[in-house]
Amino acid sequence: MENTKKVAFYTLGCKLNFSETSTIARNFQEEGFDRVDFEESADIYVINTCSVTDNADKQFKQIVKKALKVNEKAFVVAVGCYAQLKPEELAAVDGVDLVLGATEKFKITDYLNDLSKNDLGEVHSCEIEEADFYVGSYSIGDRTRAFLKVQDGCDYKCTYCTIPLARGISRSDALENVLKNAFEISQQGIKEIVLTGVNIGDYGKGEFGNKKHEHTFLDLVKALDEVEGIERLRISSIEPNLLKNETIEFVSKSRTFVPHFHIPLQSGSNEVLKRMKRRYLREVYVDRVAHIREVMPHACIGVDVIVGFPGETEECFLETYNFLNELDISYLHVFTYSERDNTEAVEMDGVVPMNVRNKRSKMLRGLSVKKRRAFYEGQLGTQRSVLFEGENKKGYIHGFTENYVKVKTPWNPELVNTLHQIQLTNIDEDGSVRMEFVGIEV
């Protein structure tokens, strides 16, 4: 059938955005559209935007140009966080026909009656207070792992963050729906599921569209552990104040949950944490790390940290650096603070010059390399299970152990998406770890 309309997608930002793009794409396919690669000619290009990354607007303009280069008559739609926060700005970009905010993005096909190009982008974006219903989604990024969305929105008021403005209040998927999605994923031969959301430790809140809820994050974890056919479950990122000791203990004994935690810290200075309106102090963070180490000495612990927040003096930064240096963690994700409209932090004094922010960021990135190396060295000689990925990179296949050590071995297509028992032998010059097989496939 020649007249089938074609649609292509481009996603900026987080894993949550990727899982939502997949759901939107499936809706299009159910309506009879053909999904094609973004590089190919399509009738409709959908760009899922992000408000967290720097230069979001610049990136967006380049992607629109790219699409229209392939098909100048294509209908261009912007959705996602940036589309909710600054719809008029995106609508004014040359070539953009439709901008949909937080609640409209999942009903995108309802807005596509007329695909003729508009002189100015048409905007449909709700007041963010209306973003109070939940749309479940999951994405299958590759054959190896899937991202499963369990929660959306956030009730926290961190002073640097626009996510509550872009995604609305904290709300959760119903437990049976999460389990149904997890089962669907497992039926496709995918071995690993990564749980995602804006604030997943808050899971349960808003399960019925209000603040009342029956389930907690621990209930979710326990229920998912029972789903047949899933080999591995990974918690993507969880606030330290919401990562309870019971959850840590359950993961340590769980059948499928892997010993890998990603816990945002943002600053090692209590003074800065207070200015950020984070809901914990550094002492809580120390406790969480200590508890994980006690029950899972081999666990991988990743940390998010922001440098150059207003009021971060040299002294505060060194406090963060020394705190992280002494903490038994495995790697860092370092973010350089950047100003966001309509946040409290924009109004704060004590602005840190950009060159100082960059210097601090570089120092912490160096520390991250050191931490990862030390973590990998501590794992040499141990036996782990590894899940191999699908890409042939310069004659090697890579994979991750359950505790997130990146391993490599000569390319063998038969290894793709299989789990094996291995022993970690030595660190390669590219930083990944070499291995030997131990016994048979798991």
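Because the structure is predicted, anything quoted here is derived from the model rather than measured. (Residues numbered from 1 in each chain as written. Predicted model: local features only at pLDDT ≥ 70, side-chain atom pairs only at ≥ 80, totals over all residues. Heavy atoms only, no water.)

Inspection of the entire model under this criterion finds 11 aromatic pairs. Relative to phenylalanine 28, the ring of phenylalanine 9 lies with its centre 5.6 Å away and its plane at 70°, an arrangement referred to as edge-to-face. With a gap of 19 residues between them, phenylalanine 9 in strand β1 (residues 6-11) and phenylalanine 28 in helix α1 (residues 15-30) connect regions that are remote in the sequence. Judged by relative accessible area, phenylalanine 9 falls into the buried class, the value being 9%. On the basis of relative accessibility, which here comes to 0%, the residue phenylalanine 28 falls in the buried class. Ring centres of phenylalanine 400 and tyrosine 404 lie 4.6 Å apart, and the angle between their planes is 15°; on these two criteria the pair is classed as stacked. Three or more aromatic residues joined by ring pairs make a cluster, and in this case those are Phe9, Phe28 and Phe33. A cation over a ring is seen here: arginine 26 above tyrosine 138, with NZ or CZ 4.2 Å from the ring centre. (Phe/Tyr/Trp six-rings, centres within 6.5 Å; stacked < 30°, edge-to-face > 60°. Helix = DSSP H or I, 4+ residues; strand = E, 2+ residues; numbered from the N terminus. Buried < 20%, exposed > 50% of the residue type's maximum accessible area, 1.4 Å probe, protein only. Lys NZ or Arg CZ within 6 Å of the ring centre and 35° of its normal.)

Describing two packed helices takes the angle between their axes plus the distance from one axis to the other. Two elements in contact, helix α7 (residues 217-224) and helix α8 (residues 245-253), have axes whose closest approach is 10 Å; the angle formed by their N-to-C orientations is 10°. Classified by the angle their axes make, α7 and α8 are roughly parallel. Here α7 contributes Phe217, Leu218, Val221 and Lys222 to the contact with α8, which in turn contributes Glu246, Thr247 and Phe250. Broken down by class, the residue content of the contact of α7 with α8 amounts to 4 nonpolar, 1 polar and 2 charged. (Axes fitted to C-alpha atoms, helices over the stretch in contact; angles between N-to-C directions. Parallel < 35°, antiparallel > 145°, perpendicular 65-115°, else oblique. Contact = heavy atoms within 4.5 Å. Nonpolar A, V, L, I, M, F, W, Y, C, P; charged D, E, K, R; others polar.)

Purely spatial values, then, with no claim about function.
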